[in-house]
Amino acid sequence: MDVAQGGTSGLPASNNKFPMFDLTGRVAVITGGSVGLGRQMAEGLAEMGADVVLCARKKERCEQAAAELEELGVRALPLACDVKDPASIHSVAENTVKHFGRLDILINNAGTSWGAPTEDMTLEQWNKVMETNLTGTFLFSQTVGKIMIAQRRGKIINIASVAGMRGSPPRFSAIGYSTSKAGVIMFTKDLACKWGMHNIQVNAIAPGWFPTDMSEKVIERNKDSLLAGIPLGRFGGPQDLKGAAIFLASDASDFVTGHTLVVDGGQSA
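Residues numbered from 1 in each chain as written. Predicted model: local features only at pLDDT ≥ 70, side-chain atom pairs only at ≥ 80, totals over all residues. Heavy atoms only, no water.

We now examine the pairing of strand S6 (residues 200-207). In terms of residue burial, S6 counts as a mostly covered element, since eight of its eight residues are buried. Residues Ile200, Val202, Ala204 and Ala206 line one face of S6 and the alternating positions Gln201, Asn203, Ile205 and Pro207 line the opposite face, and both faces are buried. Relative to S6, strand S5 (residues 154-159) runs parallel, the two sharing six bridges. The partner of Ile156 across the bridge, within S6, is Val202. Once the chain exits S5 it traverses helix H5 (residues 175-195) before rejoining the sheet at S6, and the crossover so formed is right-handed. (Buried < 20%, exposed > 50% of the residue type's maximum accessible area, 1.4 Å probe, protein only. Helix = DSSP H or I, 4+ residues; strand = E, 2+ residues; numbered from the N terminus. Pairing = 2+ DSSP bridges. Right-handed = clockwise from strand over helix to strand, strands pointing away.)

What follows is the structure, given as structure tokens:
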């Protein structure tokens, strides 16, 4: 396996006027990258020159998104993947390196939630959320980390949530989601301490309220009260996660690790 060893060696030259943010020749894997926040971040990285691997359970969605991203002049590889299945994760990593020869960036974005009062939530519902949001982040990081350790460089970006930073009112009955995201934040901190010696930066992004397939119904029901708690007076839009993802994926963040970057319009201020 021929992969770059440290720094930016092995990468093609770029005319980007902002070299610290340039991702030309880098390869990024984005889980849940076909729609929503994952799709937005994949587009941001592609706009900066990164080749992208989009993986999700529904491969057809990944194929459509990949075709759209290739119009930006990068290569995009759509793959089916279940983040709860170690064999599926290994296949994604193996196919990525086989196709591109390297793997530089991992965005652990795939996630799910389950709305139920704590006293009524079943173990099956709890486990589904934990296995996807937290265990999936661990399994993907573990598999991709072995490649990054061999390369002596890498960027891992875990998608947490402001819901994992404090408790929420009773009308938001998703204790499994908030607990899993709190776990993602601590996982990020500890993994950053463990893998700093390998020149791997591990950080998290904690989004606030962004309209997505998972959140749109909650937003619709609580629009006015939610907006009242956001100083910028709006929900996250289709460009608002790109900058955070580009920063944490690029050389601009080489001395940043173990950090959770909050992107919430001031909600948690």
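Moving on, we get to a nonpolar patch on the surface. There is a patch of nonpolar side chains on the surface, built from Phe18, Met20 and Phe21 and spanning about 330 Å² of accessible area. Summarising the element assignment, Phe21 is placed in the segment before strand S1 (27-31). (Patch = residues over 30% accessible without salt bridge, like charges linked within 9 Å, V, L, I, M, F, W, Y side chains within 5 Å. Areas by Shrake-Rupley, 256 points an atom, 1.4 Å probe, with all protein chains shown as cover. Salt bridge = Lys/Arg side-chain N within 4 Å of Asp/Glu carboxyl O.)

This brings us to the sheet that holds S6. By way of backbone hydrogen bonds, the strands of a sheet pair with one another, either parallel or antiparallel. Taken in spatial order, the seven strands line up as S3-S2-S1-S4-S5-S6-S7 in an open sheet, and their pairing is parallel. Across the chains shown, the open sheet's two edge strands, defined by having one partner strand only, are strand S3 (76-80) and strand S7 (260-263). Here the strands of the sheet are splayed against their neighbours by 20° on average, with no regard to which way each runs. Both strand S4 (residues 105-108) and S5 contribute to a ladder of four bridges, which runs parallel. Counted as the bridge partner of Ile105 is Lys155 from S5. (Axes fitted to C-alpha atoms, helices over the stretch in contact; angles between N-to-C directions.)

Moving on, we come to unusual backbone geometry. The backbone of Arg152 sits at a positive phi, close to 65°, despite the residue not being glycine. If you trace the backbone, Arg152 turns up in the loop between helix H4 (123-151) and S5. In the Ramachandran plot, Asn199 falls in the positive-phi region, its phi being about 60° despite a non-glycine side chain. Within the fold, Asn199 resides in the loop between H5 and S6.

Let us look at the environment of Ser225. Within the secondary structure, Ser225 is located in helix H6 (residues 216-228). For Ser225, a relative accessible area of 38% puts it in the partly exposed group. Spatially, the C-alpha atom of Ser225 lies 12 Å from that of Phe172, the residues being 53 residues apart in sequence. At 3.4 Å, the side chain of Ser225 and the side chain of Arg171 are in polar contact. (Polar contact = N/O pair within 3.5 Å; in protein donor to acceptor, adjacent residues only side chain to side chain.)

For the rest of this paragraph, the subject is the pattern of salt bridges. All told, the structure shown has twelve salt bridges when counted by the stated rule. Its salt-bridge partner being Arg39, residue Glu43 comes within 3.0 Å of it at the nearest N-O pair. Linking Glu43 with Arg39, this pair stays in helix H1 (residues 36-47), spanning four residues, or about one helical turn. Between Arg153 and Asp251 there is a salt bridge, and its shortest N-O distance comes to 3.5 Å. With Arg153 in the loop between H4 and S5 and Asp251 in the loop between helix H7 (242-249) and S7, this residue pair connects regions lying 98 residues apart in the sequence. Each member of the pair, Arg153 as well as Asp251, carries the same accessibility label: buried.

The next thing to look at is a positive patch on the surface. The grouping of Arg57, Lys58, Arg61 and Lys128 at the surface amounts to a positive patch. Note on placement: Arg57 falls in the loop between strand S2 (51-56) and helix H2 (59-70). Taking relative accessible area as the criterion, Arg57 reaches 67% and is therefore assigned exposed. (Lys, Arg positive; Asp, Glu negative; His and termini not counted. Charge placed at Lys NZ, Arg CZ, Asp CG, Glu CD.)

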